[in-house]
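Listed below are the residues making up each chain.
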Amino acid sequence: MTSEKFEINLGKSYPDIRKLSQDDFIRFWENQAKSLKWFKPWDTTLNWNPPFAKWFEGGLLNASYNALDIHQTEKSDKIAIFWEGEDASQRSISYAELFIQVKKFANVLKSLGIKKGDRVTIYLPMVPELVISMLGCARIGAIHTVVFSGFSSTSLRDRVEDSESKIVITADGGFRKGKIIKLKDIVDEAVSEVKSIEHVIVFERVKGKITLNEKDHLWSELMKHASDQCEAEELESTHPLYILYTSGTTGKPKGVLHGTGGYLTHLHSTYKWAFDIQDSDIYFCTADIGWVTGHSYVVYGPLLHGATQIMYEGAPDYPDISRMWNIIQKYKATIFYTTPTALRMFMKFGDEKPNSFDLSTLRLLGTVGEPINPEVWKWYFNVIGKKRCPIIDTWWQTETGGMMISSLPGIESNFLKPGSATQPVPGVSISVVDEDGKEVPANTKGSLIIENPWPGMLMTLWNDDEKYKDVYWSKFENKYYPGDYAICDSDGYFWLLGRSDDVLKVAGHRIGTAELESSLVSHDYVAESAVCSIPDEIKGESIIAFVVLNDGIEITQEKIVNELRNTVRNSVGAIAIPQEFYIVSKLPKTRSGKIMRRLLKAIANKEKVGDVSTLEDGAAVTEVQSAFDEIQKSINISDR
Ligand code: WTA
């Protein structure tokens, strides 16, 4: 923890907002919800039947109506999206045009038999059609489930099957670092045998050669014949808007289910408070829509406010490390919201690159997804923001729907501390507690908990109320447990200290240890495996894997590791490939047979191993230790 404080005077102070939110959080959120357009007001602001919350019960609204229809009088010509392709192609899409496209696409979905409550999987690269698809679903009450287009066909199939989607929307291909990823081929592999799938829609992004199967339709053909008249469905506030799968502590990803009225209220407020959004702003969030940041702060947050944003298709360092600075200069971006991993990568290349671009239009900077180290924070503040721009470090999760801890330039001038996400947003109460759920004194590490329900909270896990209760609400009674360690300092500022469960955070992406281990074990060579993380200069954490091979495998270590890398690439996705593999003959286990990951992590992080009295076989620790030392030696020799 650093004691440095940065004063940024924004000339804003609305103490009433905090006061009201502390006095009565339900009434507070009720007032916030009035900023949305409702077809019918709600009867009950919060129906709390722990741990199930129904926000704005009885109210009727529509997400796409709030994102599009309401802007058609004053903002129809305003640009909603400046889209920049990785190949530098450009599109500028106004609110009027987006509105037409969404209505047409909603009609396409209807013509293919999609009805309220049906699930639609979207597996698209970062193209405007991804936004159009999501809003098209929302318009008719279909539940979208976006799958990050970097995921493998197995991951895609699991998600399509679990959500029982009727349609997959994809593209012929997507650009990534100049290469074409053949998304349609991945979809074919994933869904050809999934019974629920009735249609596949293919957007022609790369215009490559594809084979159209019986269920396949070209986006352009379907849109050509679609009418641009489509009223938004009047949906219950608790109607599910989307499912977004995220990794947890078990092998199977969890389908986080978000509703409509509460979720949109949370986003409308936090987007305004955190970004202090103005009509003239050009907002640039680098998140892929396949993750929650893209759902909340690329799609719904900005569109609810009629903001103009930049959407970039490709890799942040393609064709070179200046791409982001180039885009900021070109479109005169005023707000930049990115990840600590990206910043660490940019920082490594020095100040010269960003200094050679005109970044003077920037007025606000943000980060999300992982803790930001104070050195990087200061670099961001000094070199990118030129000491003028406040930095908002926003802590939240797929499950929380929107920001929960962040400084809020839109409503108050608080001081900033590099590395601290600062304070909870109004209407949200957060504490740090010990194992018994008792609040710990200031400056003491404990588990973060959220005290009360909040509007953006997940409604449940798709088809799994029991798991929802168990994962988030069973550790501390009726308090939400996000799975993060934290400290609250004597100024009431929160410092996030990483996950307390078996979830890894690599480059800001959540990867479940169990999911990865089951992928490794699925390979014929592997009897057992355990993965953990070690600190990484750029990605925050990187993954290392310990594997025990089946008897009689006589193949070179190099070949085994190559195969295992491919297995992970094909079953989870490239982001989950471990950086290093350690082949050992046994893993440290308790007498009841549970792998002691704590020990592996300690060894890998060169920390003290601690108590090993519960171990079944102490020799395993020695072996893991020496395997680790051996590989470290060879890494040092080759000077990685
Ligand atoms: C971590 C991303 C420190 C945290 C929006 C959380 C952070 C998990 C921050 C959720 C931050 C997110 N500082 N850690 N500002 N933001 N995290 O669901 O561990 O992909 O529980 O949502 O990311 O990851 P998710």
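Since this is a predicted model, take the numbers as computed values, not measurements.

Brief notes about empty space enclosed by the protein
Thought 1: This structure, assessed with the given rule, holds five cavities of 30 Å³ or more.
Thought 2: By volume, the largest cavity is sized at about 110 Å³.
Thought 3: As for the largest cavity, its lining consists of 13 residues, and the residues nearest its centre are W55, G259, P455, M457 and M459.
Thought 4: Of all the secondary structure elements, the ones that give two or more residues to the lining of the largest cavity are β2 (52-57) and α9 (261-275).
Thought 5: The dominant element in the lining of the largest cavity, judged by the number of residues it contributes, is α9, at three residues.

Considerations on the domain arrangement of the protein chain
Thought 1: The assigned domain composition of the protein chain is domain 1 (1-62 + 236-499), domain 2 (76-233) and domain 3 (502-639).
Thought 2: Relative placement of domain 2 and domain 3: their C-alpha centres are 37 Å apart.
Thought 3: Taken over both partners, the interface formed by domain 2 and domain 3 buries close to 430 Å², and the fraction arising from carbon and sulfur atoms is 45%.
Thought 4: Summed over the shared surface of domain 2 and domain 3, the result is zero salt bridges.
Thought 5: One can count six residue pairs in polar contact (both at pLDDT 80 or more) joining domain 2 with domain 3.
Thought 6: Class assignment of the residues belonging to the side of domain 2 that touches domain 3 gives a composition of one nonpolar, five polar and one charged.

A short note on the sheet that holds strand β29 (residues 540-549)
Thought 1: Spatially, three strands are ordered β28-β29-β30 in an open sheet, and the strand pairing comes out mixed. Each edge of the open sheet carries a strand with a single partner, namely β28 (526-536) and β30 (580-584). In this sheet, adjacent strand axes meet at a mean angle of 25° when their direction is disregarded.
Thought 2: Bridge analysis of β29 against β30 gives five bridges, and the strand direction is parallel. Of the residues in β30, the one forming a bridge with I544 is E580.

Concerning the packing of aromatic side chains
Thought 1: According to the stated counting rule, one finds 40 aromatic pairs in the structure shown.
Thought 2: Between the aromatic rings of Y271 and Y297, the centroid separation amounts to 6.3 Å while the plane-to-plane angle is 20°, which identifies the pairing as stacked. Here the residue Y271 occupies a position in helix α9, and Y297 occupies one in helix α10 (residues 292-304), the gap between them amounting to 26 residues. Across the pair, Y297 and Y271 agree in class, each one buried.
Thought 3: Seen from their ring centres, Y472 and Y480 are 5.3 Å apart, and the 15° between their planes marks the pair as stacked.
Thought 4: Look at Y472 and you get buried, because its relative accessible area is 2%.
Thought 5: Three or more aromatic residues joined by ring pairs form one cluster here, namely W48, F52, W454, Y468, Y472, W473 and Y480.
Thought 6: In this arrangement the basic side chain of K475 is found over the ring face of Y481, its NZ or CZ atom lying 5.5 Å from the centre.

Some words on the packing of helix α2 (residues 25-33) against α9
Thought 1: Interaxial distance between α2 and α9 falls to 9 Å at its minimum, and their mutual angle equals 85°. Accordingly, the angle class assigned to the pair α2 and α9 is roughly perpendicular. Contact residues: α2 offers F28, W29, Q32 and A33, while α9 offers T265, H266, S269, K272 and W273.
Thought 2: When its residues are assigned to classes, the contact of α2 with α9 shows four nonpolar, four polar and one charged.

Thoughts on the pattern of salt bridges
Thought 1: Taken as a whole, this structure holds 34 salt bridges when the rule is applied.
Thought 2: Measuring nitrogen to oxygen at the nearest pair gives 3.2 Å for the salt bridge that ties D118 to K166. With a gap of 48 residues between them, D118 in the loop between α4 (95-111) and β6 (119-123) and K166 in the loop between α6 (153-163) and β8 (167-171) connect regions that are remote in the sequence.
Thought 3: The class for D118 is buried, based on a relative accessible area of 12%.
Thought 4: K166 gets classed as partly exposed once you look at its relative accessible area, which sits at 23%.
Thought 5: Put simply, K5, K417, D489 and D491 are held in one network by salt bridges that share partners.

Considering helix α7 (residues 183-191)
Thought 1: Where α7 is concerned, the buried positions are L183, K184, I186, V187, A190 and V191. Take α7 and look down its axis: the buried residues cluster within an arc of 155°, on one side only.

What counts, and where the lines are drawn
- Residues numbered from 1 in each chain as written.
- Predicted model: local features only at pLDDT ≥ 70, side-chain atom pairs only at ≥ 80, totals over all residues.
- Heavy atoms only, no water.
- 1 Å grid on protein atoms, 1.4 Å probe; cavity = no way out; pocket = protein on both sides within 12 Å on 5 of 7 lines; lining within 4 Å.
- Points joined across faces, edges and corners; volume = space filled by probe spheres on them.
- Helix = DSSP H or I, 4+ residues; strand = E, 2+ residues; numbered from the N terminus.
- Domains from an automatic or database assignment.
- Buried area = accessible area lost by both parts, 1.4 Å probe.
- Salt bridge = Lys/Arg side-chain N within 4 Å of Asp/Glu carboxyl O.
- Polar contact = N/O pair within 3.5 Å; in protein donor to acceptor, adjacent residues only side chain to side chain.
- Nonpolar A, V, L, I, M, F, W, Y, C, P; charged D, E, K, R; others polar.
- Pairing = 2+ DSSP bridges.
- Axes fitted to C-alpha atoms, helices over the stretch in contact; angles between N-to-C directions.
- Phe/Tyr/Trp six-rings, centres within 6.5 Å; stacked < 30°, edge-to-face > 60°.
- Buried < 20%, exposed > 50% of the residue type's maximum accessible area, 1.4 Å probe, protein only.
- Lys NZ or Arg CZ within 6 Å of the ring centre and 35° of its normal.
- Parallel < 35°, antiparallel > 145°, perpendicular 65-115°, else oblique.
- Contact = heavy atoms within 4.5 Å.
- Arc of directions from axis to C-beta.

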